Amino acid sequence: MKKHAEIVIIGGGALGCSIAYHLAQLGKKDVVVLEKSALTHGCTWHAAGLIGQLRNKRNLTQMLQYSAQLYDRLEAETGQATGWNKVGSLRVASSKERWQEIKRTATTARSFGFELHLISAKEAQDKFPLMTTEGIEGAAWIPSDGCVDPSMLTQALAKGARNGGVVFHEGVRVKSLSRRHRRISTVVTDHGNIEADIVVNAAGLWAREVGRLAGVDIPAGVVEHQYMVTEKNETISADFPTFRDPDKLFYLKAEPGALALGGWEPNTVACGKPGMPWSFGQELYESNYERFEQIALPAMERLPILEKLGIRTLINGPIPVSPDGEPIMGRPEGLDNFFVACGFTAGIAGCGGAGRALARWIVEGDPGMDLWSFDVRRFGAHHNSNDFLRARSIEAYGSYYLMHYPGDEAHSARGVRKSPLYQILKDKGAVYGSRFGWERPNWFAPEGMEAVDKPCFESPNWLDAVSREHQAIRENVALIDQSSFAKFEVSGAGALALLQYLAVNNIDRPVNSIIYTQLCNAKGGIEADVTITRLAEQKFYLVTGSGFGVHDSDWIESHMPLDGSVILREVTSARAVINLCGPRAREVLEQVCEEPVNNQAFPFMQARELTLGSASVLALRATYVGELGYELHIPVEFATHVYQRLWDAGQAFNIVNAGYRAIDSLRMEKGFLYWSADITPDYNPYEAGLGFCVNLDKGDFIGRQTLVHIKQNGVERKLCCLTLDQQTPVYGGEAILHKGKVVGVSCSGNFGHTIGKSIVFAYLPIALTKEQDFEVEAFCTPVKASLAPRVLYDPKRERLLN
C-alpha cells in the first residue's frame, strides 16, 4: 500500500463505495478505501435492496431522491450492472391514523416538488393485484421508487470510483488510529501504515469500534433483521411495485416469480457483546421463525397468496441502527479531520445521497443541506453506553413502522439524567419527555387526570392542560424546570477575543450583561443560537439548548487557540435551572430574595448574584416565553430548597408548574426562534429577522464578510409568520401556498393560546413578504392563512422591559 493518502475511507460497503465515488466526482483522486474482508461483506450483501424515498424528514427524503436519480444513470455511466428496477412503490394505510400520517408526509413532499400520488385502495390493487383492499383507507404511489441488487450496486459504485482514480484494498484491517490533538495522523493496518489528511469511518457494523480507535463515541448499534424469500409462483411479476403496509409491519419486493418480504418486529435482538467481532464477514445468524411470525401473519392478512407459498429461505442478518433510528454523519466532537457515515438502517436507499453529502462535507466544508437530524454531535457519551445503546437501538428498530405522532417520546432507557426536582414535580403531575437523556416536564396533568401522554394528530390529551399553563404564564406566574440547559464557562486571557471572533453580536459589554447572539459559519449560516453572560472581564457563561451542547461546544473548541489562553468547561450538571416567569414573577421573587430586584436594580438582559433563602444563585433576567422572567441557575444541592421557597411564596399568587409544551406555544406568539427548525446553517441572521444581533462594527468575526455582502445586497427570502383562519393542527413541514402555488414549507407550527390561532413560521420569497392570499396545506387540506407580524404578542416588548 502507499504510505500516504489525502483521504482514507474505512469500509467497503455500499456507503463507503458511494463516498469514494462522489469524492472522485469532485476531483479527489488520492483516495484509498480499506476493507477488512471483501466489498459488500458485513451487511450490504444480504440487504433487501428496496429504494423508498419518502420519509418524515424533508432533507432525508431529498437525500434519498438523489439516490434514486443516481441509480437511474449509474449503470450506463460505469458499464457495470446495478440490478436497478424502477417499478414504483405503494405504501398503504390500513388505519385512519396511518392515512393521516401519509397525508401529512405527502404535504411536506409537495412543498419541494416530490412526485407522490394519493390513490384509493382499488387503484392500489390495480397496481399490485396480490393485495386485498379490506381496511385500507388509501395509499401513496411513488413512481420513481424501485429496488436494486445491493452487491451489484456496490460494485458499480466501486468501479465508478476506480475510474476516477480511487484505490481499493480488500483484506486489510485497521488496527489503530494515531491521534494528535484534534487530528488523526496515521491509519495503522495489518498490512502497514498510511498517513492521511482525512479519515472517513464508513465501517458499517464496526463503526462504533472504529470510533473507539479514534477516541470518539459513535453510538451505532447493530440488531438482527430478518426477511424471507418465498417459493416461486407464476402469478408474481418482477415488475410489481415494491409494497409497504406499515400498520402490518411489513415490506416486500417482487423477484422473478417470488416475493422477498421482511419487516420490523418490536423484539429483535442486539448483536455483539459488547461489539461486532472483527472476524465477522459474509455471515448470517440462525433463522428465528417464531419471531418472524409477527411479520408473516399480518402480511398474510394483506396478501392471501402467502398462505399458498412456502418459504424458500429466511435470512437473518445484522443491520446498523442508531439510538433514534436516524443515520449518523459528520465530524465527531474533538476531531477536525475524521468523518463518519454509519447507522443507516436503510443503507442501500440512502447510500447514494449520503455519499454525495459526505463527499461535499469533506471537500467543500458543507454537505449541501442542513443535516443536523443526522449529525453525530446530536449524541453524547451516555448514548454510546452498552445499556443505553442496546435498549434504544431495539426500540428504534421496532418503531420503524409504528405511528410517528408529533410529541412522541421514547420509552426505553428512561430516567438516565434527572433534575433534583424530578420526584417533586412528578408528584405534582409532571408528564416527562426525554431530551439528551434528561427527563424534562412536558406538561402537568391536573388532579384527577391520568399523567400520561396520549399523542395523536389533532387533539392530544395534553392540549387543555398546556393551554392552562400558557395562560398562567401570560397572566400570572409559573415555575419551569429547565435544568437540562447545556451550560459552559469560557474563561482565560483569550476568552473575550475568542467569543468576539465566534459571535456575530458584540460580546464586549459591561460585566453582568447578557448577550443574545448567533455563532455563524463563513457562509453566514447559523451554527448556534446562544446567550452569553459576562461574569468577569475574562469569564463568560454560555447557555444553549439541551441537545445542542456537544455540537456548540465542539464549534467553540475547534476555534480555540492552542496556547491554552482559553478554557472551556461544561457546568451543565453543576447547576439546576428554575425559570420563574410571568407578570407576577418579581412579586414572588421579592418574597424570598435578600437583594432588591426592582426594574432599576435588576433590568432586562442583566445577571445578578442573588440570595434566595439560604442559596447563592446566578439569576439571569432573560426569557423565551415573552414575559417578565428570571432564569435561576442554582447549585444542584440547593435546587429543591430554592424551588420550595419559591413555591411557598407563590401560593399567594396562584403559582403553577409549567412544561416545555407550553414554552413552545408561548415562544411562537413572541416570534422567538428555535435552532434546528427555524434557524440552521442553511439560513443567515438577516433572513431570519435576527439582523439586530449582527454587529458589523465590532471588528472581524466568522462570517462577517458574507454578512456585509448580504446586508448590502438584501436577502432573497425572509422568515415570516402566518396565522391560520381556522384552528388547525400544525407542526412544521406544511406546504405554504400563494394563490394556489407552492412557495415554501413551514419550519415550526403550533397553536397560540393567547391569540387563539394556529401559527406557522416559514421562509418566503422576499417578493411575497407584503402579500396576502396564502394557504397552509395541513394533511393535504389547504387552510386560508394571513401573513402576520413576526411578533404577535407584545411587539413593543413592554412586558419584558418593565
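Please read all numbers here as calculations on a predicted model, not as lab measurements. (Residues numbered from 1 in each chain as written. Predicted model: local features only at pLDDT ≥ 70, side-chain atom pairs only at ≥ 80, totals over all residues. Heavy atoms only, no water.)

(A) Geometry of the overall build of the protein. Of the regular secondary structure elements, the protein holds 18 helices and 37 strands. The C-alpha atoms of the protein give a radius of gyration of 27 Å, which matches the 28 Å a tight globule of 802 residues would have. Once the C-alpha set of the protein is aligned to its principal axes, its extents read approximately 85 × 65 × 50 Å. Relative to its 802 residues, the protein shows a buried fraction of 61%. (Helix = DSSP H or I, 4+ residues; strand = E, 2+ residues; numbered from the N terminus. Rg over C-alpha atoms; globule rule 2.2 N^0.38 Å. Buried < 20%, exposed > 50% of the residue type's maximum accessible area, 1.4 Å probe, protein only.)

(B) Fine view of the pattern of salt bridges. The full count for this structure, using the stated rule, is 36 salt bridges. For E777, the salt bridge identified is with R110, shortest N-O distance 2.3 Å. Of the two residues, E777 is situated in strand β36 (residues 774–778) and R110 in helix α3 (residues 96–111); the sequence distance between them amounts to 667 residues. Since its relative accessible area comes to 35%, R110 is described here as partly exposed. A salt bridge links E224 to R291, with the nearest nitrogen and oxygen atoms 3.0 Å apart. In this pair, E224 sits in strand β12 (residues 221–230) while R291 sits in helix α7 (residues 289–302), placing the two residues 67 residues apart along the sequence. (Salt bridge = Lys/Arg side-chain N within 4 Å of Asp/Glu carboxyl O.)

(C) Expanded view of the nonpolar core. Counting residues in hydrophobic clusters, the biggest one holds 49 residues, and the most contacted among them are I9, I19, M63, F168, V200, M329 and L358. Secondary-structure elements contributing two or more residues to this core are β1 (4–10), α1 (14–25), β2 (31–35), α2 (58–78), α5 (150–163), β11 (192–201), β18 (338–342) and α8 (347–364). Element by element, the count of residues in this core is highest for α8, at 9 residues. In contact with V200, not counting residues within four places along its chain, are I7, V8, I9, I10, I19, F339, L358 and I362. Listed in part, the 44 residues of the second largest apolar core include L90, V229, F250 and L259. (Core = buried A, V, L, I, M, F, W, Y, C linked by side-chain atoms within 4.5 Å. Contact = heavy atoms within 4.5 Å.)

(D) Representation of α3. The terminal C-alpha atoms of α3 lie 23 Å apart, and with 16 residues this matches the ideal 22 Å at 1.5 Å per residue to within 8%. Every buried residue belonging to α3 is among R98, W99, Q100, E101, I102, T105, A106, T107, T108, A109 and S111, and all of these are buried. Remark: G113 follows α3 within two positions and exhibits a positive phi of approximately 75 degrees. (Expected span 1.5 Å × (residues − 1).)

(E) Fine view of unusual backbone geometry. Despite not being glycine, T40 has its phi angle at roughly 80 degrees, a positive value. Since its relative accessible area comes to 5%, T40 is described here as buried.

(F) Local environment of the side chain of S67. Mapped onto the fold, S67 is located in helix α2. Accessibility expressed as a relative area gives 0% for S67, which makes it buried. A distance of 2.9 Å separates the side chain of S67 from the backbone nitrogen of G353, its partner in a polar contact. In contact with S67, other than residues within four places in its own chain, are A349, G350, C351, G352 and G353. (Polar contact = N/O pair within 3.5 Å; in protein donor to acceptor, adjacent residues only side chain to side chain.)

(G) How the structure looks around the packing of aromatic side chains. Taken as a whole and assessed by the stated rule, the structure comprises 21 aromatic pairs. For the ring pair F128 and F243, a centre distance of 4.8 Å and an interplane angle of 20 degrees mean the geometry is stacked. Pair noted here: F128 is in the loop between α4 (121–127) and β6 (138–142) and F243 is in strand β13 (residues 242–245), with a separation of 115 residues, a long-range link. For F243, a relative accessible area of 0% translates into the label buried. Each ring, one from W372 and one from W675, has its centre 5.2 Å from the other, and the planes form 65 degrees; the classification is edge-to-face. Of this pair, W372 sits in the loop between α8 and α9 (386–398) while W675 sits in the loop between α16 (660–670) and α17 (704–713), placing them 303 residues apart in sequence. Taken individually, W372 and W675 each receive the classification buried, so the pair is uniform in this respect. Three or more aromatic residues joined by ring pairs form one cluster here, namely Y251, W264, Y397, Y400 and Y401. (Phe/Tyr/Trp six-rings, centres within 6.5 Å; stacked < 30°, edge-to-face > 60°.)

(H) Region of the structure containing the sheet that holds strand β24 (residues 526–536). Taken together, 5 strands build an open sheet; the order of strands is β23-β24-β25-β22-β26 and the sheet is antiparallel. With one partner strand each, in any of the chains shown, β23 (514–520) and β26 (567–570) form the two edges of the open sheet. The mean angle between the axes of side-by-side strands here comes to 30 degrees, regardless of whether they run parallel or antiparallel. Sheet topology note: the β23/β24 ladder contains 7 bridges and is antiparallel. Each residue of the ladder has a partner; that of I515, found in β24, is I532. Along the sheet, helix α13 (residues 549–557) makes contact with β22 (486–491), β23, β24, β25 (539–544) and β26, crossing β24 at roughly 75 degrees. (Pairing = 2+ DSSP bridges. Axes fitted to C-alpha atoms, helices over the stretch in contact; angles between N-to-C directions.)

(I) Examining α16 more closely. By the criterion of burial, α16 is predominantly enclosed, with 10 of the 11 residues buried. For α16, the complete set of buried residues consists of Y660, R661, A662, I663, S665, L666, R667, M668, E669 and K670. Residues of α16 that are buried sit in contact with β20 (438–444), α11 (463–475), β21 (478–481), β34 (741–752), β35 (757–765) and α18 (798–801). Phi for G671, located one or two positions after α16, is positive at around 80 degrees.

(J) Region of the structure containing the packing of α2 against α5. Contact geometry for α2 and α5: axes closest at 10 Å, N-to-C directions at 60 degrees. Regarding the angle of α2 to α5, the classification is oblique. The two elements α2 and α5 meet at a crossing, and its hand is left-handed. Across from L70, Y71, L74 and T78 in α2, the residues of α5 making contact are L153, A156, L157, K159 and G160. Residue composition of the contact of α2 with α5, grouped by class: 6 nonpolar, 2 polar and 1 charged. (Parallel < 35°, antiparallel > 145°, perpendicular 65-115°, else oblique. Left-handed = near helix turned anticlockwise from the far one by under 90°. Nonpolar A, V, L, I, M, F, W, Y, C, P; charged D, E, K, R; others polar.)

(K) Expanded view of the pairing of strand β33 (residues 735–738). Here β33 shows a buried face lined by A735 and L737 and a second buried face lined by I736 and H738. The pairing of β33 with β34 spans 4 bridges and is antiparallel. Bridging from a neighbouring strand, A735 pairs with V745 of β34. Linking β33 to β34, which pair antiparallel, is a turn of 2 residues; within it K739 sits at a positive phi near 55 degrees. Pairing between β33 and β36: 4 bridges, direction antiparallel. Bridged to L737 within β36 is E775.

(L) Seen up close, the packing of helix α14 (residues 585–592) against helix α15 (residues 639–650). Two elements in contact, α14 and α15, have axes separated by 9 Å at closest approach and are oriented at 120 degrees. By the angle between their axes, α14 is oblique relative to α15. Between α14 and α15 the crossing geometry is right-handed. Every residue of α15 that contacts α14 at V588, Q591 and V592 is listed here: R645, L646, A649 and G650. Of the residues contributing to the contact of α14 with α15, the split by class is 4 nonpolar, 2 polar and 1 charged.

(M) Spotlight on the sheet that holds β35. Ordered by their spatial adjacency, 6 strands build a closed barrel running β32-β35-β34-β33-β36-β37, and the pairing between neighbours is antiparallel. Across the sheet, the mean angle from the axis of one strand to that of its neighbour is 40 degrees, orientation sign disregarded. When strand β32 (residues 717–724) meets strand β37 (residues 781–788), the two strands line up antiparallel, connected through 4 bridges. Its bridge partner lying in β37, T723 is registered against S786.

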